[in-house]
Amino acid sequence: LGDIYVKLRILVKSELKRRVGAPAAQGSISEMMRFAHALSEDAKSARNLELGDILKLASDERFRLLKKKGVRVLALAGAGVGKTMSFLKKAGLEWARGKIWNDMDLVFALPLRQPSVHSANDLEGLLALKDHGFHRREEREEICDCISKNLSRVCLVLDGLDEVDLSKCSDFVLKVIKGKALDGIRLIVTSRPSIPVMELAQKDPFNQQVEVLGFSEAELACYVGKVLS
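Residues numbered from 1 in each chain as written. Predicted model: local features only at pLDDT ≥ 70, side-chain atom pairs only at ≥ 80, totals over all residues. Heavy atoms only, no water.

Looking at the pattern of salt bridges
The final tally for this structure, using the stated rule, is six salt bridges. Linking Asp105 and Arg153 is a salt bridge whose minimum nitrogen-to-oxygen distance equals 2.7 Å. You can see Asp105 sitting in the loop between helix H4 (83–96) and strand E4 (106–111) and its partner Arg153 sitting in the loop between helix H7 (137–148) and strand E5 (154–159), a full 48 residues away along the chain. Taking relative accessible area as the criterion, Arg153 reaches 32% and is therefore assigned partly exposed. Between Lys180 and Asp204 there is a salt bridge, and its shortest N-O distance comes to 3.7 Å. With Lys180 in the loop between helix H8 (171–178) and strand E6 (186–191) and Asp204 in the loop between helix H9 (195–203) and strand E7 (208–213), the pair connects residues that are 24 residues apart, well separated along the chain. (Salt bridge = Lys/Arg side-chain N within 4 Å of Asp/Glu carboxyl O. Helix = DSSP H or I, 4+ residues; strand = E, 2+ residues; numbered from the N terminus. Buried < 20%, exposed > 50% of the residue type's maximum accessible area, 1.4 Å probe, protein only.)

Take a look at the structure:
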């Protein structure tokens, strides 16, 4: 896992809006194919981004103000590109090794497809503390209170927004995704391109959108050549 290379690029909001356009019927396969193709067509000329820089937005003055409420990043990836393995697990490993996100004390990665996650009504339920051995209420309350007082040093990763029906998400989880709860937290939401997700991103824009890129044909040929040589 330590040797996996993660390739990211920034998607500007105007680019997303232009590509999505006026969406067809929700869940339209043809619309999904069109959007997925559009995401990749400009990869060579787009601005690349290092994995460790995905939460760094302070260089722009307007983002200094946004950081008071937290940083929200939408990470898009097509099927099979490596959203979970190449991006999430690699990021977790690099953070644990002290190579990235050194200003983060805690990083939580949660799969949204799990009912206990997308239906959570508070921070304790979202982190499923009771399921992780914290059986005493006082202990759980102490942990949540500590996290709540230090949200600017906490990164929450919600994986697979496209894998859950947004209408089944609790009000609390939707508020977290939209940046209306847990002020100050660093939030990364991963998803495959889908009409509901992109409509949500247009209505409640993320501070930054990035695309997890797979290998190009030339890079793939080079990699296979090295492996087989």
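The rest of the description comes next.
Things to note about the nonpolar core
Counting residues in each nonpolar core, the largest one holds 35 residues, and the members touching the most others are Leu126, Leu156, Leu158, Val173, Val176 and Leu182. Of all the elements in the fold, those that place two or more residues in this core are strand E3 (71–76), helix H6 (123–127), H7, E5, H8, E6 and H9. Apart from the residues within four sequence positions on either side, Leu126 is in contact with Leu110, Val117, Ala120, Leu156, Phe172 and Val173. Judged by nonpolar contacts, the second largest core, of 19 residues, contains Leu51, Leu88, Ile100 and Val210. (Core = buried A, V, L, I, M, F, W, Y, C linked by side-chain atoms within 4.5 Å. Contact = heavy atoms within 4.5 Å.)

Here's the deal with the environment of Met104
On the secondary structure map, Met104 appears in the loop between H4 and E4. Expressed as a C-alpha distance, the spacing of Met104 and Val154, which sit 50 residues apart in the sequence, is 5.5 Å. Here Met104 is in contact with Trp95, Ser152, Arg153, Val154, Cys155 and Arg186, once residues within four sequence places are set aside.

Remarks on a nonpolar patch on the surface
Side chains of Val224, Val227 and Leu228 sit close together on the surface and give an oily, nonpolar patch of about 290 Å² of accessible area. By the element assignment, Val224 lies in helix H10 (residues 217–228). (Patch = residues over 30% accessible without salt bridge, like charges linked within 9 Å, V, L, I, M, F, W, Y side chains within 5 Å. Areas by Shrake-Rupley, 256 points an atom, 1.4 Å probe, with all protein chains shown as cover.)

Quick word on the packing of aromatic side chains
The geometry of an aromatic ring pair comes down to the distance between the two centres and the angle between the two planes. Enumeration according to the criterion identifies zero aromatic pairs in this entry. A cation over an aromatic ring shows up here: Arg72 above the ring of Phe206, its NZ or CZ 4.4 Å from the ring centre. (Phe/Tyr/Trp six-rings, centres within 6.5 Å; stacked < 30°, edge-to-face > 60°. Lys NZ or Arg CZ within 6 Å of the ring centre and 35° of its normal.)

Structural notes on the pairing of E7
Counted residue by residue, E7 has six buried out of six residues, so it is predominantly covered. Where burial is concerned, the two faces of E7 agree: the one with Gln208, Val210 and Val212 and the one with Gln209, Glu211 and Leu213 are both buried. Here E3 runs beside E7; their pairing, made up of four bridges, is parallel. Within the sheet, the bridge partner assigned to Leu76 lies in E7 and is Glu211. (Pairing = 2+ DSSP bridges.)

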